[in-house]
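# Working through the structure, step by step
What follows is each chain in one-letter form.
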Amino acid sequence: MSTQVEVAGNPPAPTRTPARRPRSHRWRSSGEVVALVVLVIVFTVLNPGTFATTTNLLTILDQAALPLIVGVGATLVILMGSIDLSVEGVMGAAGMTFVLLSANSRTGTDLGPVAVLAALAVGLALGLLLGFVHTRMRVPSFIASLGVWYVGLGVATLLFGTSGIPFLTDTDTARWSSRTTLGLPHSFWLALLVLVAGVVVGRWTRMGRSAYAIGADQQIARDNGIRVNRAKVAVFATAGLCSALAGVLAALQLGAGAATLGAGTLFLTIAAVVIGGTSLGGGRGGVLRTALGVVMLTVLNNGLILSGVSPDIQSGVSGAVLVAAIVVAAWPHRGRLRVVK
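Structural notes, computed from the coordinates.

Procedures and definitions
- Residues numbered from 1 in each chain as written.
- Predicted model: local features only at pLDDT ≥ 70, side-chain atom pairs only at ≥ 80, totals over all residues.
- Heavy atoms only, no water.
- Helix = DSSP H or I, 4+ residues; strand = E, 2+ residues; numbered from the N terminus.
- Expected span 1.5 Å × (residues − 1).
- Buried < 20%, exposed > 50% of the residue type's maximum accessible area, 1.4 Å probe, protein only.
- Arc of directions from axis to C-beta.
- Contact = heavy atoms within 4.5 Å.
- Axes fitted to C-alpha atoms, helices over the stretch in contact; angles between N-to-C directions.
- Parallel < 35°, antiparallel > 145°, perpendicular 65-115°, else oblique.
- Left-handed = near helix turned anticlockwise from the far one by under 90°.
- Nonpolar A, V, L, I, M, F, W, Y, C, P; charged D, E, K, R; others polar.

This next bit is on helix 6 (residues 141-160). Look at helix 6: 28 Å from first C-alpha to last across 20 residues, which is about the 28 Å you get at 1.5 Å a residue. If you check which residues of helix 6 are buried, you get S141, A144, S145, V148, W149, G152 and A156. One side of helix 6 carries all its buried residues, which in axial view fall inside an arc of 145°. The exposed set on the far side of helix 6, more than 90 degrees from its buried face, consists of Y150 and L158. Contacts made by the buried residues of helix 6 are with helix 4 (87-101), helix 5 (113-135), helix 11 (228-254) and helix 12 (265-276). Count one or two residues on from helix 6 and you reach G161, which has phi positive near 65°.

Written out as structure tokens, the structure is:
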């Protein structure tokens with residue numbers, strides 16, 4: 001009889017729970033959109049002649065391209081409950097590789113599109129190294145990626161050398177990112193292409209589904225036949241490719257090579273992922289939410305600059321926004337949150 005009571009009492013719980021979750025999810029998403037709209041309105045009022053203009057819109061899209069490309073890879077990593085801090089080192093190494101293999105002021109080498117492939121190969125190699133150290137040597141991703149960051153930075157520094165800054169000498173190459181197609185900069189179209197690829201990978205590929213499953217519960221994912229280590233290595237390699245592509249784009253935007261091409265990108269990217277709503281514990285979120293976070297932070301930084309706010313205060317505001325976002329996102333899960341797996 002007690003068994004009948006338990007069975008009769010069980011159905012209401014599952015029927016109520018799904019009803020609450022979609023409403024909460026929709027409220028969270030709409031809240032981020034509302035915040036973006038409020039930012040746009042505030043900065044339009046503060047800077048009526050400069051913010052809400054076509055020129056500034058193109059500037060925002062160009063500025064959002066780098067963190068958006070990096071954010072696609074970073075989101076997949078964070079969905080697993082891991083972290084990748086190697087972004088800036090990988091960008092520097094890949095960017096320097098691209099510049100030195102393209103027409104530049106230092107060497108006579110010009111491999112054309114092969115230079116891009118070589119840069120992506122550098123990012124892939126560093127991503128695979130990170131994945132191997134993390135999975136095979138069981139080093140936490142936080143420490144492993146920090147080490148790979150400095151490996152990449154060391155490679156970039158060696159490539160930069162002491163012979164002066166290598167500038168891109170081919171005009172078509174140097175100006176590629178700022179040129180427009182259908183009225184929008186090439187940098188934005190490249191970022192949009194990576195974003196679409198990230199959505200496809202996250203939703204409809206085995207690697208993307210594995211990332212969600214590992215983040216939700218790594219042991220259950222393993223028990224259900226997911227090759228956890230292989231999936232992690234694949235995700236870190238993908239993140240390395242994204243960082244390398246961002247390094248190439250950064251070199252194009254700068255028109256030169258530098259070991260510190262990616263300076264500041266890591267903070268902006270991680271902040272965008274968290275503000276977008278991807279859980280640091282893994283298993284919840286997605287690339288599209290990161291895109292919303294990137295746009296929000298880019299609009300915030302752009303608006304502060306146009307408002308004449310000093311760089312120091314801009315950094316403080318961005319940091320405060322990040323801390324607030326982490327607290328809001330992590331507080332309901334503070335009893336079980338694991339940042340590194």
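Contact geometry for helix 4 and helix 6: axes closest at 6 Å, N-to-C directions at 25°. Between helix 4 and helix 6, the interaxial angle falls into the category roughly parallel. As helix 4 runs across helix 6, the sense of the crossing is left-handed. Every residue of helix 6 that contacts helix 4 at E88, G89, G92, A93, M96, T97 and L100 is listed here: W149, G152, L153, V155, A156, L159 and F160. The residue inventory of the contact of helix 4 with helix 6, partitioned by class, reads nine nonpolar, four polar and one charged.

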